[in-house]
Amino acid sequence: MQARWLARVVFVLVIAYLLIAIPMGLRNTFLRLRVAAKTAGAPLGEVRAHAFGRRYVAAIDEIRRAIPMDEPYLLSELDEPGSLLWVRFDLLPRRAIVLRPGAAPDPDFDCWRDQVRWEVVAVGSGRPPLFRERPVTVPPGCPPPPWRGPQR
Amino acid sequence: MTAASVAANLGGVALFALPGLSLAELLAPLRRLSLTRRLGYAYLLGILSVGGILFVASHLFGVPLCRPVIGFAILVPTVLGLAAWIGRHRRSGSVGPVLPARQWQLLAALAIGAVLLGPLTSALAAPLADWDGRMTWSPLAATMRHEGTVDASVLRDARWYVVHPRYPPLLPLAQVAVQEMFGAGEDEQDYRAVYVAFLVALVLIVHDGARRGAGLRAATLATLCAALPPFLSYGGGGATSGYSDLALAGFYGAALVLLLLEKPRLASGFAAGCLLAGAVLTKNEGVLLALAALLLAAERLLRRRRNPVAAPRALAWFGAAAAPVLAAVALLASWRSAIPNRDDEDYFAVLRLSDLVKGAFTRLPVIVPGVLRWTFRGADWLGFWWLFLAVLLAGAYALRRPRVRRLLLAGLTPAAIAWAAYAVSTRLPDLIGETWNRFLVQGLVPLAFVFACALGRVMRLRQPTPGGSDDSGSAQRSS
């Protein structure tokens, strides 16, 4: 008798859960459809600007135009940890070499770093990254990097 | 969102569903199922076959990841399955009868469909904006696509910045396949629906598994309950994200259903083994989950050891399940061997038994409150886990069946992995918040099976029996 009573209570709980969860799920769908309707047919750049901010997207587009697909860039971030991941994703498939403050010197790494022409600094979420072209030098004893191709 | 991007996204799902359906036609335990019950398994098999063929071809034979090769990887299983279907169709003359769905079943399906339309719309209308998708899986895919190989130079040289470079590449390869086939440009994310489809597949597998243990009515109700938590759709690890947890949950859950609920035959073992191989190639935890599934299968095997007819068959079944897993582990190890690890927690490397044992107990005061907070967080789960506990309490009699207990153990395995990770992690409170919900997702199919069985028991109990007594004796006891 007790088991049947418990089963009835639990069954009522199941029905109550469904009565709450189904309308909430439908509401979530409705909200997403409404947002989608607003951006329907919009060009991709507009959708990206809507999601990440116009200034951020403009800065990313400028960097993309400057750095060829096959050239790498140096990447670092200011105070917000993880912001470089955001920028790195938007610049793919360009390869990134990350500058880590306080990292131990590594001759191989240093050889490459000085021969990279571009530097990008991630500032923080939604904020446009900083970007500059840097002077390229070939440190003594270093071979040309792979992205330069064979020396003529 | 444009018509072209919607078409490309849905086409991306079809790229895997079609070869998957064909492969399901070749495997007897899946072929017997109705189309809706088969579709979840088929989608996962499609992902595994296309991604797996590309992985093997690129890594072992140096074949480039380009459109003709991807087309070939899609075409081969599709044609094989189609030929088998046509051959069988000719012999049998007609397809089996399709049972009409009842009104309440249709209503439940409609409700689930309407709820799942939300994440699909969201994924198609907005660019990828979640942490792991942008950090791990999509960058790996972009790198492989750009270099045209799974052994990209960016992965193999430690000077290039890659986060988790040794993470299993099945989902990135699936992304490459979609992006390449539809010629996606720099910002076109034609793979987003592929991730949403993992949730659809998961829900279908939850339903099929639950139906095998609890009957149609309880299974439908349990599936409806399990499909509704917002975390599955919109959370960091849900369908709108680029995380791999839904896929892992699907592979692991589907394999468990075939391994522990289907009759132990060669074909069911092989199908389960393929799905476990998919788990291994999807995420780091996959290998541990595959091992746990095989251990549970071994326990089932031991129960049959004294039966002279069943024992050899069961041994073959177990071998057929273990072989694809071993092949996947070997392939992954070979691929990883040339990739220096960096920017990765690498729990396996830092794991020491003494730390694990010590941390597992001394950290309980931090782990337990964190885990409870996230499990019962209303915004993510809408009280689903409270309901789970209540149903389990009222229907605890269902746990007398060995297969329900086995599935409960399987469902708790991701939680055990989480506990081990939390015991050795250097950033504990954050890690619980970032990962616990996803571990719950990974165990969803077996836990939903247990939920459905207990719910079935509750539904039987609440109805008065003719004799006036509780019907504890009438519960199914099959193992």
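Computed from a predicted structure; not experimentally measured. (Residues numbered from 1 in each chain as written. Chains lettered and ligands numbered in written order. Predicted model: local features only at pLDDT ≥ 70, side-chain atom pairs only at ≥ 80, totals over all residues.)

**Regarding the overall build of chain B**
Thought 1: Across its full length, chain B carries 23 helices and 0 strands.
Thought 2: For 479 residues, the compact-globule estimate of 2.2 N^0.38 gives 23 Å, and the C-alpha radius of gyration of chain B, at 22 Å, lies within 12% of that figure.
Thought 3: Oriented by its inertia axes, the alpha-carbon framework of chain B measures out at about 75 × 65 × 50 Å.
Thought 4: For chain B, buried positions account for 53% of its 479 residues.
Thought 5: Considering only residue pairs separated by 6 or more positions, chain B has 81% of its internal contacts joining residues 24 or more positions apart. (Helix = DSSP H or I, 4+ residues; strand = E, 2+ residues; numbered from the N terminus. Rg over C-alpha atoms; globule rule 2.2 N^0.38 Å. Buried ≥ 20, exposed ≤ 12 C-beta atoms within 10 Å, placed from the backbone. Contact = placed C-beta atoms within 7 Å.)

**A short note on the overall build of chain A**
Thought 1: For chain A, the helix and strand inventory stands at 5 helices and 4 strands.
Thought 2: When the helices and strands of chain A are listed from N to C terminus, the series reads α-α-α-β-α-β-α-β-β.
Thought 3: Over its C-alpha atoms chain A spans a radius of gyration of 26 Å, topping by over 25% the 15 Å that the globule rule assigns to 152 residues.
Thought 4: When the backbone C-alpha atoms are referred to their principal axes, chain A occupies close to 90 × 40 × 30 Å.
Thought 5: The long-range fraction of contacts in chain A, counting pairs at least 24 apart against all pairs at least 6 apart in sequence, stands at 58%.

**Some details on the sheet that holds strand β3 (residues 118-122) of chain A**
Residues and elements named next belong to chain A.
Thought 1: Taken together, 4 strands build an open sheet; the order of strands is β2-β1-β3-β4 and the sheet is mixed. Unpaired on one side and paired on the other, β2 (96-98) and β4 (130-133) mark the two borders of the sheet. When the angles between neighbouring strand axes are averaged without regard to direction, this sheet yields 25°.
Thought 2: One ladder, built from 4 bridges, connects strand β1 (residues 73-77) with β3; its direction is parallel. (Pairing = 2+ DSSP bridges. Axes fitted to C-alpha atoms, helices over the stretch in contact; angles between N-to-C directions.)

**Observations concerning the pairing of β3(A)**
Residue and element names in this part refer to chain A.
Thought 1: Residues Trp118, Val120 and Ala122 point to one face of β3 and are all buried, whereas Glu119 and Val121, pointing to the other face, are not buried.
Thought 2: Pairing geometry for β3 and β4, over 4 bridges, is antiparallel. The residue of β4 that forms the bridge with Trp118 is Glu133.

**Brief notes about the packing of helix α1 (residues 3-26) of chain B against helix α8 (residues 170-181) of chain B**
All names here are of chain B.
Thought 1: Between α1 and α8, whose axes approach to 10 Å, the crossing angle comes to 120°. Viewed along their axes, α1 and α8 adopt a mutual orientation that is oblique. The two elements α1 and α8 meet at a crossing, and its hand is right-handed. Along the contact surface, α1 presents Gly12, Leu15 and Phe16, while α8 presents Ala174, Ala177, Val178 and Met181.
Thought 2: Per-class residue counts for the contact of α1 with α8 are 6 nonpolar, 1 polar and no charged. (Parallel < 35°, antiparallel > 145°, perpendicular 65-115°, else oblique. Left-handed = near helix turned anticlockwise from the far one by under 90°. Nonpolar A, V, L, I, M, F, W, Y, C, P; charged D, E, K, R; others polar.)

**Things to note about the interface of chain B and chain A**
Thought 1: In this assembly, 45 residues from chain B lie in contact with 44 residues from chain A.
Thought 2: Within the residue set of the side of chain B that touches chain A, elements represented by two or more residues are α5 (103-125), α6 (131-147), α10 (216-227), α11 (230-234), α20 (384-394) and α23 (444-462) of chain B.
Thought 3: Of all the elements, α5(B) adds the most residues to the side of chain B that touches chain A, at 9 residues.
Thought 4: By residue class, the composition of the side of chain B that touches chain A is 30 nonpolar, 9 polar and 6 charged.

**A word on the environment of B:Ala272**
All names here are of chain B.
Thought 1: Residue position: Ala272 is located in helix α13 (residues 266-280).
Thought 2: Taking C-alpha positions, Ala272 is 27 Å from Gly133, a pair spaced 139 residues apart along the chain.
Thought 3: Leaving out residues up to four positions away in the same chain, Ala272 has contacts with Ala255, Leu258, Leu259 and Ala321.

**What about the nonpolar core?**
Residue and element names in this part refer to chain B.
Thought 1: Core analysis: the largest hydrophobic core is formed by 192 residues, its most contacted members being Ala222, Ala255, Ala293 and Val391.
Thought 2: Per element, the largest residue contribution to this core is 16 residues, and it comes from helix α9 (residues 192-214).
Thought 3: Other than its neighbours up to four places away in sequence, Ala293 contacts Tyr252, Ala255, Leu256, Leu259, Leu276 and Ala410. (Core = buried A, V, L, I, M, F, W, Y, C linked by C-beta atoms within 7 Å.)

**Topic: unusual backbone geometry**
Thought 1: With an omega of 5°, the peptide bond between A:Leu92 and A:Pro93 qualifies as cis.
Thought 2: Counting through the fold element by element, A:Pro93 comes out in the loop between α4 (83-91) and β2.
Thought 3: In this model, B:His164 sits at a positive phi of 50°, which is unusual for a non-glycine residue.
Thought 4: Residue position: B:His164 is located in the loop between α7 (153-156) and α8.
Thought 5: For B:His164, a count of 19 C-beta atoms within 10 Å corresponds to the partly exposed category.
Thought 6: Despite not being glycine, B:Leu382 has its phi angle at roughly 55°, a positive value.
Thought 7: Within the fold, B:Leu382 resides in the loop between α19 (378-381) and α20.

**Quick look at the pairing of β1(A)**
Looking down a regular strand, the side chains alternate between one sheet face and the other.
All names here are of chain A.
Thought 1: Burial analysis of β1 places 4 of its 5 residues in the buried class, the great majority of the element.
Thought 2: As judged from the 3 bridges shared by β1 and β2, these two strands associate in the parallel manner. Counterpart to Leu74 in the pairing with β2 is Ile97.
Thought 3: Taking the sense of rotation as the criterion, the β-α-β connection linking β1, α4 and β2 turns out right-handed. (Right-handed = clockwise from strand over helix to strand, strands pointing away.)

**Description of the confidence of the model for chain B**
Residue and element names in this part refer to chain B.
Thought 1: Averaged over all residues, the pLDDT of chain B equals 91, while 94% of them reach at least 70.
Thought 2: This stretch, residues 468-479, has a pLDDT under 50; its non-local contacts, to residues over four places away or in other chains, come to 16 contacts.
Thought 3: Scoring of the predicted complex yields 0.93 for pTM and 0.91 for ipTM. (pLDDT = per-residue confidence, 0-100.)

**Considering the packing of α9(B) against α23(B)**
All names here are of chain B.
Thought 1: Put simply, α9 and α23 touch, their axes get as near as 8 Å, and they point 40° apart. On the basis of their axis angle, the class for α9 and α23 is oblique. In this structure, α9 crosses over α23, and the sense of that crossing is right-handed. Of the residues in α23, those in contact with Leu202, Ile205, Val206, Gly209, Ala210, Gly213 and Ala214 of α9 are Leu444, Val445, Ala448, Phe449, Ala452, Cys453, Leu455 and Gly456.

**With respect to helix α21 (residues 402-424) of chain B**
Thought 1: Compared with the 33 Å implied by 1.5 Å per residue over 23 residues, the 33 Å span of α21(B) between its first and last C-alpha is a close match.
Thought 2: B:Thr413 marks the point of greatest bend in α21(B), at about 30°, and the proline B:Pro414 comes within the next four residues. (Expected span 1.5 Å × (residues − 1). Bend = angle between axes of the 7 residues up to and from the residue.)

**Observations concerning the confidence of the model for chain A**
Thought 1: Averaged over all residues, the pLDDT of chain A equals 89, while 97% of them reach at least 70.
Thought 2: Confidence, read as mean pLDDT per element, is least for helix α5 (residues 107-113) of chain A in chain A (81) and greatest for helix α3 (residues 54-66) of chain A (95).

**Structural notes on the environment of B:Val206**
All names here are of chain B.
Thought 1: Mapped onto the fold, Val206 is located in helix α9.
Thought 2: With 30 C-beta atoms counted inside 10 Å, the residue Val206 sits in the buried group.
Thought 3: C-alpha separation for the pair Val206 and Val257, spaced 51 residues apart in sequence, amounts to 9.0 Å.

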